Amino acid sequence: MRKVLFLKSSILGDYSQSNALVDFAIKNWEANHPNDKITLRDLNESKLPTLDSELVSILRPTDGIELSSRQKEALALSDSLIAELKAHDTLVIGTPLYNYNISSQLKNYFDLVCRAGETFKYTEKGPEGLLAINEALVLKATGGIYGENAVIDQFFNQILPFIGVKKVTIISAEGIAYGDEMMQSAIAGAKDKIEKYVG
Ligand SMILES: Cc1cc2nc3c(=O)[nH]c(=O)nc-3n(C[C@H](O)[C@H](O)[C@H](O)COP(=O)(O)O)c2cc1C
């Protein structure tokens, strides 16, 4: 039985193409692997704080340090998000491309879960990921067409192994902004790949 954590990170709600791809993946997963445990987190609803000069100190061990109520709250949130990741072995991330980047919501998420001693550590041989996530599937929707030059692909291919994800696969629906026909064909192509991936 796999334990699969699905993350949505769009701000477009019902109009979101990446959210729709996540919903499609969940439907396939539930139909084909009914024994797997599925969790869904919508980061737009999680309202995660942005790291700033006050919150950055919670990323280091805080023993003996007097924390502000805002720091305590962010630390508890970071602990619970990391615990959630540790309770899963498979990750599916829906992601938009906004201004050549991931959404602020997803960035805030990674800023809270990338914690030394919890999800990664540095050794003499370099960084070592501490999560035991076997695979991550990234479902990406973009207005333009970038192919292998997609800047956020590099981000996922680096940050996910950094925290201990063994295998990363990216499925893209590109050209969402090129008109209805192009959008439909991009979505259909991505759904086809999702079906094959989920198995
Ligand atoms: C605020 C905003 C910024 C965007 N910036 C880009 C961009 O830099 N490059 C691009 O190709 N598309 C851009 N787009 C188009 C989105 O990538 C496209 O709408 C995609 O479907 C977003 O995923 P979502 O529908 O899951 O939110 C942008 C859309 C929005 C709303």
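In this text the structure is predicted, and so the values were computed from the model without any measurement.

Rules behind the numbers
- Residues numbered from 1 in each chain as written.
- Predicted model: local features only at pLDDT ≥ 70, side-chain atom pairs only at ≥ 80, totals over all residues.
- Heavy atoms only, no water.
- Helix = DSSP H or I, 4+ residues; strand = E, 2+ residues; numbered from the N terminus.
- Rg over C-alpha atoms; globule rule 2.2 N^0.38 Å.
- Buried < 20%, exposed > 50% of the residue type's maximum accessible area, 1.4 Å probe, protein only.
- Contact = heavy atoms within 4.5 Å.
- Pairing = 2+ DSSP bridges.
- Right-handed = clockwise from strand over helix to strand, strands pointing away.
- Near = heavy atom within 4 Å.
- Polar contact = N/O pair within 3.5 Å; in protein donor to acceptor, adjacent residues only side chain to side chain.
- Areas by Shrake-Rupley, 256 points an atom, 1.4 Å probe, with all protein chains shown as cover.
- Nonpolar A, V, L, I, M, F, W, Y, C, P; charged D, E, K, R; others polar.
- Salt bridge = Lys/Arg side-chain N within 4 Å of Asp/Glu carboxyl O.
- UniProt positions renumbered as here; feature names shortened; annotations may be inferred.
- Expected span 1.5 Å × (residues − 1).
- Arc of directions from axis to C-beta.

In this section: the overall build of the chain. When you go through the chain residue by residue, the secondary structure sums to six helices and seven strands. Taken from the N to the C terminus, the helices and strands of the chain come in the order β-α-β-α-α-β-α-β-β-β-α-β-α. For 199 residues, the compact-globule estimate of 2.2 N^0.38 gives 16 Å, and the chain sits close to it at 17 Å. Taken along its principal axes, the extent of the C-alpha atoms in the chain is 60 × 35 × 35 Å. For the chain, buried positions account for 47% of its 199 residues. Taking contacts inside the chain between residues at least 6 apart in sequence as the whole, the part at least 24 apart equals 75%.

A large share of strand E6 (residues 133-142) lies buried, amounting to nine of its ten residues. Across seven bridges, strand E3 (residues 90-96) lies against E6 in parallel orientation. Residue pairing for E6: Val92 is matched across the bridge by Leu137. Looking at chain direction, E6 and strand E7 (residues 165-174) are connected through nine bridges and run parallel. From the neighbouring strand, Leu137 faces E7, where its bridge partner is Thr169. The handedness of the E6 to E7 crossover, carried by helix H5 (residues 151-162), is right-handed.

Around the ligand sit 16 residues, and of these Ser10, Ser16, Ser18, Tyr98 and Tyr146 come closest. Gln17 places a polar main-chain atom, nitrogen or oxygen, 2.8 Å from an oxygen atom of the ligand. Tyr100 is positioned with one of its backbone polar atoms (N or O) 2.9 Å from an oxygen atom of the ligand. Calculation on the ligand without its partners gives an accessible area of 630 Å², and the protein chains cover 77% of this total. Listed by contribution, the elements that provide at least two residues to the shell around the ligand are helix H1 (17-32) and E6. The class makeup of the residues in the shell around the ligand is eight nonpolar, eight polar and no charged.

Turning to the pattern of salt bridges, a few remarks are in order. Following the criterion strictly, the structure yields eleven salt bridges and no others. Where Arg2 meets Asp36, a salt bridge forms, and the shortest distance between an N and an O atom there is 3.3 Å. In this pair, Arg2 is assigned in the segment before strand E1 (3-8) and Asp36 in the loop between H1 and strand E2 (37-42), connecting sequence segments 34 residues apart. Arg2 gets classed as partly exposed once you look at its relative accessible area, which sits at 25%. By relative accessible area, Asp36 is classed as buried at 14%. Taking the shortest distance from any N to any O, the salt bridge between Arg70 and Asp52 comes out at 2.6 Å.

Here we come to the UniProt feature "binding site: FMN" (unreviewed entry) in the chain. UniProt's feature table lists "binding site: FMN" (unreviewed entry) at Ser10, Ser16, Gln17 and Ser18, given in the numbering used throughout. With respect to the helices and strands, Ser16 occurs in the loop between E1 and H1. A polar contact of 2.8 Å, which involves the side chain of Ser16, links it to the backbone nitrogen of Asn19. Mapped onto the elements, Gln17 comes out in helix H1. With sequence-adjacent residues up to four places away left out, Gln17 is seen in contact with Ala141, Ile176, Met183 and Ile187.

Moving on, we come to H5. Taking 1.5 Å per residue, twelve residues should reach 16 Å; H5 reaches 17 Å between its end C-alpha atoms and fits that length. Those residues of H5 not exposed but buried are Ile152, Asp153, Phe156, Ile159 and Leu160. One side of H5 holds all its buried residues, which, seen down the axis, span an arc of 150°. Each element contacted by the buried residues of H5 is listed here: E3, helix H4 (104-113), E6 and E7. In the stretch just after H5, Gly164 is the one whose phi turns positive, near 110°.

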